[in-house]
Amino acid sequence: MYNLISKAVFSHRLNKQEIVSLLSNDDCNEVLFKAADEIRKKFVGDEIHLRALIEFSNICQNNCCYCGLRRDNKNIIRYRLDEDSIFHLAEYAVTQLGLKTIVLQSGEDLWFSQERLCALIRRIKTLDTALTLSIGEKTHDDYLAYKNAGCDRFLLRIETTDKALYEKYDPDMSWNKRKQCLLDIKSVGLETGTGCLVGLPNQTIESLADDILFFKEIGADMVGIGPLIPHPDTPLAQAEGGTFTLACKVMALTRLILPDINIPATTAMETLEPNGQLKALQSGANVIMPNVTLSDVRQHYELYPGKSSTNLASCDALVSFKQKLISIGRTIGQDYGAHKKSAEI
Ligand code: 5AD
Ligand code: SF4
């Protein structure tokens, strides 16, 4: 196991079988986490990039079996922020909280047409900020329009590279189409973020290894990995869900194989384990996405239980969080935190 970790540290290459061996053996987890921490330091430094997350609509046309926002869930109150409210939240995040990236996230809500979104993108880009969209599957023409309006990045998790599993848990959706969306995002010149869920029922270690190799294959600029947390109002209510440790291992291996990308310490990790985000930041992650959505609507953006409790929206909460980051020897990113490609890989 030690040899495999050193091989990954020096070459950033592992084959599927080697990744499977590391994921299935828990004897060297701490060594793996430390190696990922060192590679993070070497390639992306000590800076942690903070991205302001605005969850602007929880309306979704899809029916993913794991997600609390699925269209068949009648137990949530649906909301959609208007353009002015979204802009003012973004303005607050940039001017009052000093954040350098705005992430607009929503369910697949068709009310936000290409025209409306492009107007919003242009407006937010008058602020001194990078802009990321995380709004689901769109057409090539849409992605191109977002890019031309000034959008910098787009997040779309592949969720799993196991096609049969994907199509089972994301009914009416096509894995090939999802992959094509990622290729389209990349081809229009948006920084491309993807990622996966860890702990779907019947997900194999082999398919998690494929997920990591997939991130490399498509040339991901960012990868977000989170454990599945069963939501009571979904078909996966009784599922076991993912573990913090396995999600952290997939994340650490992703750092070893794609050493210079941006990797968030996801909220789902914090939900499963106290100080989970800090542990993730010490196991390969270099990004945090503080949620700046106001709590009156944020409580309804419940992808999974316990999610809505993390609150960094106020200046005070953010200052004390930054102190925590400094206490583990890190600094706060002062630029937009784009993916800086290393010539060394
Ligand atoms: N547990 C953990 N993550 C979830 N997501 C959706 N539902 C859950 C859940 N129950 C993740 C998906 C999606 C992202 C926005 O949230 O991976 O891409
Ligand atoms: Fe909609 Fe995304 Fe939830 Fe699927 S995971 S139901 S696409 S919000």
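Whatever comes next refers back to the structure up there.
Quantities reported herein were computed from a predicted structural model and do not represent experimental measurements.

Undergrad: Account for the state of the cysteines, naming residues and giving values.
TA: In this structure the tally under the stated criterion is zero disulfides. Sulfur of C65: no disulfide; nearest cysteine sulfur belongs to C64 and is 7.6 Å away. For C65, a relative accessible area of 11% puts it in the buried group. We note that C118 lacks a disulfide partner, and the nearest cysteine sulfur, in C151, lies 8.9 Å from it.

Undergrad: I'd love a proper account of the site of ligand 2, names of residues and values included.
TA: Contacts to ligand 2 come from C60, N62, C64, Y66, C67, L69, R70 and G107. For the shell around ligand 2, a count of residues per class yields five nonpolar, two polar and one charged.

Undergrad: Quick one: what's the story with the site of ligand 1, residue by residue and with numbers?
TA: Taken together, Y66, C67, R157, E159, L197, P227, L228, I229, L303 and Y304 make up the full set of residues adjacent to ligand 1. Contacts to ligand 1 include Y66, whose backbone N or O atom sits 2.9 Å from a nitrogen atom. Between ligand 1 and the protein, one listed contact pairs an oxygen atom with a side-chain N or O atom of R157 at 2.8 Å. Compared with its free state, where it exposes 400 Å², ligand 1 has 87% of that area covered by protein. A class-by-class count of the residues in the shell around ligand 1 yields eight nonpolar, no polar and two charged.

Undergrad: Run through the side chain of H231, naming residues and quoting values.
TA: Residue position: H231 is located in the loop between β6 (222-227) and α10 (244-257). A relative accessible area of 0% places H231 in the buried class. At 3.0 Å, the side chain of H231 forms a polar contact with the backbone nitrogen of D233.

Undergrad: Let's hear about the environment of L99: which residues, and what values?
TA: Looking at the secondary structure, you find L99 in the loop between α4 (83-95) and β2 (101-106). Classification of L99 as buried rests on a relative accessible area of 3%. Separated by 68 residues in the primary sequence, L99 and E167 have C-alpha atoms spaced 37 Å apart. Contact partners of L99, with chain neighbours within four places excluded, come to L50, A52, A93, V94, V292 and L318.

Undergrad: Tell me about the packing of helix α2 (residues 16-24) against α10, residues and numbers included.
TA: Running from N to C, α2 and α10 point in directions that differ by 145°, and their axes come no closer than 10 Å. The handedness of the crossing between α2 and α10 is right-handed. Side by side, α2 and α10 meet where I19, L22 and L23 of the first sit next to L246, K249, V250 and L253 of the second. In the contact of α2 with α10, the residues fall into six nonpolar, no polar and one charged.

Undergrad: So what's going on with the side chain of K138? Which residues, and what values?
TA: Of note, K138 is situated in the loop between β3 (130-134) and α6 (140-149). Buried charge K138 goes without a salt bridge, the closest partner of opposite sign being D142 at 5.6 Å. In contact with K138, not counting residues within four places along its chain, are Y143, Y146 and C181.

Undergrad: Lay out the packing of helix α1 (residues 2-11) against α2 in plain terms, naming residues and giving numbers.
TA: Axis separation between α1 and α2 bottoms out at 10 Å; the angle between their running directions is 125°. When the axis of α1 is compared with that of α2, the two are oblique. Read as a crossing pair, α1 and α2 show a hand that is left-handed. Where α1 abuts α2, its residues L4, I5 and K7 lie against E18, S21 and L22. A breakdown of the residues in the contact of α1 with α2 according to their chemical character gives three nonpolar, one polar and two charged.

Undergrad: Talk me through the packing of aromatic side chains; I want residue IDs and the actual numbers.
TA: Under the definition given, this model contains six aromatic pairs. Each ring, one from F56 and one from F112, has its centre 4.7 Å from the other, and the planes form 85°; the classification is edge-to-face. Of this pair, F56 sits in strand β1 (residues 47-57) while F112 sits in the loop between β2 and α5 (114-124), and the two are 56 residues apart along the sequence. Note on F56: relative accessible area 1%, which makes it buried.

Here is what the cut-offs are and how they apply
- Residues numbered from 1 in each chain as written.
- Chains lettered and ligands numbered in written order.
- Predicted model: local features only at pLDDT ≥ 70, side-chain atom pairs only at ≥ 80, totals over all residues.
- Heavy atoms only, no water.
- Disulfide = S-S within 2.5 Å.
- Buried < 20%, exposed > 50% of the residue type's maximum accessible area, 1.4 Å probe, protein only.
- Near = heavy atom within 4 Å.
- Nonpolar A, V, L, I, M, F, W, Y, C, P; charged D, E, K, R; others polar.
- Polar contact = N/O pair within 3.5 Å; in protein donor to acceptor, adjacent residues only side chain to side chain.
- Areas by Shrake-Rupley, 256 points an atom, 1.4 Å probe, with all protein chains shown as cover.
- Helix = DSSP H or I, 4+ residues; strand = E, 2+ residues; numbered from the N terminus.
- Contact = heavy atoms within 4.5 Å.
- Axes fitted to C-alpha atoms, helices over the stretch in contact; angles between N-to-C directions.
- Left-handed = near helix turned anticlockwise from the far one by under 90°.
- Lys, Arg positive; Asp, Glu negative; His and termini not counted.
- Salt bridge = Lys/Arg side-chain N within 4 Å of Asp/Glu carboxyl O.
- Parallel < 35°, antiparallel > 145°, perpendicular 65-115°, else oblique.
- Phe/Tyr/Trp six-rings, centres within 6.5 Å; stacked < 30°, edge-to-face > 60°.

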